[in-house]
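If you want the building blocks of each chain, they are given just below.
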Amino acid sequence: MKKFSLIISILLLNFNLGFSQTESEIDSLLNMIAETENSKEIIKTIQAEKIKAFGENSLITLAEFFTDTTLTKVKSECYNRNLTKGEIAIIIADRIEPMPYFTVTRIQNCTLTFCENNPNRIEYYFSINNYLNNKEFKERYVEWLFSEDRLKSVKGKDRKKRKKILTEWKNNSR
């Protein structure tokens, strides 16, 4: 019984260390992306590709950065201002799995014509007083990540995989 408890403890410790390493790695990658000059180039960076390669597993970690208001060198042509590290995390999370914009922002936009030729559709919603860089947006996003509707949208083996990821997140993040 003691061996079993020891094995479980070691496995849990390794999982928690692995999760925090991913968070620090994503933080490091976001800091490198923050050196990009134009917001349109964010998704083309090697660092963004590395984060996207983590796939769905990185979404909850990216959400932890949504409230980071550290200004970066990344210029938004849509708003003629520099983006925050949180906004960069939001853009990348949206590229990994598109967000239901109305659900997380409570703002409806039917035309998406404001930021023409910008691949970062979520950037359109950054307009109103840095609205997205707040705790409420993050809470809505995380609530959506764990929602049954989101889980129902996936079938078969992918559904089992998503359920497993959600269970791990719930056990380690909440």
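For the structure, check the block above.
Let me begin by describing the structure that accompanies this report.

Cut-offs applied
Residues numbered from 1 in each chain as written. Predicted model: local features only at pLDDT ≥ 70, side-chain atom pairs only at ≥ 80, totals over all residues. Heavy atoms only, no water. Helix = DSSP H or I, 4+ residues; strand = E, 2+ residues; numbered from the N terminus. Expected span 1.5 Å × (residues − 1). Buried < 20%, exposed > 50% of the residue type's maximum accessible area, 1.4 Å probe, protein only. Core = buried A, V, L, I, M, F, W, Y, C linked by side-chain atoms within 4.5 Å. Contact = heavy atoms within 4.5 Å. Salt bridge = Lys/Arg side-chain N within 4 Å of Asp/Glu carboxyl O.

**As for helix α4 (residues 85-96)**
And step 1. Its 12 residues place the ends of α4 17 Å apart at the C-alpha level, agreeing with the 16 Å of an ideal helix rising 1.5 Å per residue.
And step 2. By the criterion of burial, α4 is predominantly enclosed, with 10 of the 12 residues buried.
And step 3. Turning to α4, its buried residues are Lys-85, Gly-86, Glu-87, Ile-88, Ala-89, Ile-90, Ile-91, Ile-92, Ala-93 and Asp-94.

**Side note on the environment of Ser-24**
And step 1. In this structure, Ser-24 sits in helix α1 (residues 2-33).
And step 2. C-alpha separation for the pair Ser-24 and Thr-61, spaced 37 residues apart in sequence, amounts to 9.5 Å.

**What to know about the nonpolar core**
And step 1. Ranked by internal contacts, the top residues of the largest apolar core, which has 40 residues, are Leu-30, Leu-62, Phe-66, Ile-92, Met-99 and Tyr-141.
And step 2. Of all the secondary-structure elements, those providing two or more residues to this core are α1, α2 (46-54), α3 (59-65), α4, α5 (101-105) and α6 (135-145).
And step 3. Looking at this core, the element that brings in the most residues is α4, giving 6 residues.
And step 4. When near neighbours in sequence (up to four residues on either side) are disregarded, Leu-62 contacts Ile-26, Leu-30, Ile-51, Ala-89, Ile-92, Ala-93 and Ile-96.

**Brief notes about unusual backbone geometry**
And step 1. Not every positive phi belongs to a glycine, and Asn-80 is a case in point at roughly 50°.
And step 2. Residue position: Asn-80 is located in the loop between β1 (71-76) and β2 (81-84).
And step 3. Exposure remark for Asn-80: the relative accessible area of 59% places this residue in the exposed category.

**What about the pattern of salt bridges?**
And step 1. What the rule picks out here adds up to 10 salt bridges.
And step 2. Note that Lys-85 and Asp-27 form a salt bridge whose closest N and O atoms lie 2.2 Å from each other. Here Lys-85 is found in helix α4, whereas its partner Asp-27 is found in helix α1, with 58 residues between them in sequence.
And step 3. Residue classification places Asp-27 among the partly exposed residues on the basis of a relative accessible area of 25%.
And step 4. Glu-77 is paired through a salt bridge with Lys-40; the nearest N and O atoms lie 3.2 Å apart. One end of the pair, Glu-77, is in the loop between β1 and β2; the other, Lys-40, is in the loop between α1 and α2, with 37 residues separating them in the sequence.
And step 5. The structure contains a network of salt bridges with shared partners spanning Asp-27, Asp-68 and Lys-85.

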